[in-house]
Amino acid sequence: MRLSQASDFALRILMATAQSDAPQTVDKLSEQLGLAKSHVMKIVAHLARGGYLETTRGRGGGIRLARSPDSIRLGEVVKLIEPDLGVVACLKPQPAICAFLPRCALKGAMARAAEAFLDSLNSETLASILAGTQVASLLEEAD
């Protein structure tokens, strides 16, 4: 299974936002994570619509987590960002042409595999990932 860059970016944006008590900005996140500002803006908006981030405009505003890190399950975030987790054509939203449909055991096996993938990610929270992560800038300061 392959995820899009958007999932990777979304998880990193959540991690960076959670590591600071101060509100983040798109510019700060973009610079810190080495991502294009347009990508950050799009993903922040998507995460805000999904209830993971809250955004406030104006002075004193910025980007904050909308939920506690221990309530954010990684699989839920990936499912939000990846609307199509169909690993084979018959699991995708658009109609598939297949000689074996409607009685194909492959479809069920692949659906179970995709669910197992999300279940595995859901065993981790943003808090559990952060607990095992060290920020590169902190490592550099220790040397």
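See the structure printed just above.
All of these numbers come straight from a predicted model, not from anything done at the bench. (Residues numbered from 1 in each chain as written. Predicted model: local features only at pLDDT ≥ 70, side-chain atom pairs only at ≥ 80, totals over all residues. Heavy atoms only, no water.)

Enquirer: Explanation requested: helix α1 (residues 5-18) in the structure shown.
Expert: Side chains of residues three or four places apart in an α-helix project in the same direction, reflecting 3.6 residues per turn. Spanning 14 residues, α1 covers 20 Å between terminal C-alpha atoms, matching the ideal 20 Å at 1.5 Å per step. Residues of α1 that are buried make contact with α2 (26-33), α3 (37-49), β1 (53-56), β2 (62-65), α4 (74-81) and α6 (126-131). (Helix = DSSP H or I, 4+ residues; strand = E, 2+ residues; numbered from the N terminus. Expected span 1.5 Å × (residues − 1). Contact = heavy atoms within 4.5 Å.)

Enquirer: How do you make sense of the pattern of salt bridges when you look at a structure like this?
Expert: Two side chains that carry opposite charge are able to pair once their charged atoms sit near each other. By the definition in use, this model includes three salt bridges. The closest approach of N and O atoms between K37 and D27, which form a salt bridge, is 3.2 Å. In this pair, K37 is assigned in helix α3 and D27 in helix α2, connecting sequence segments 10 residues apart. Its relative accessible area of 42% is what places K37 among the partly exposed residues. A residue is classified by how much of its surface remains accessible, and D27, at 47% relative accessible area, is partly exposed. Of the charged contacts in the structure, one is a salt bridge between R67 and E76, with a shortest N-O distance of 3.7 Å. (Salt bridge = Lys/Arg side-chain N within 4 Å of Asp/Glu carboxyl O. Buried < 20%, exposed > 50% of the residue type's maximum accessible area, 1.4 Å probe, protein only.)

Function cannot be inferred from these measures alone, as they are strictly geometric.
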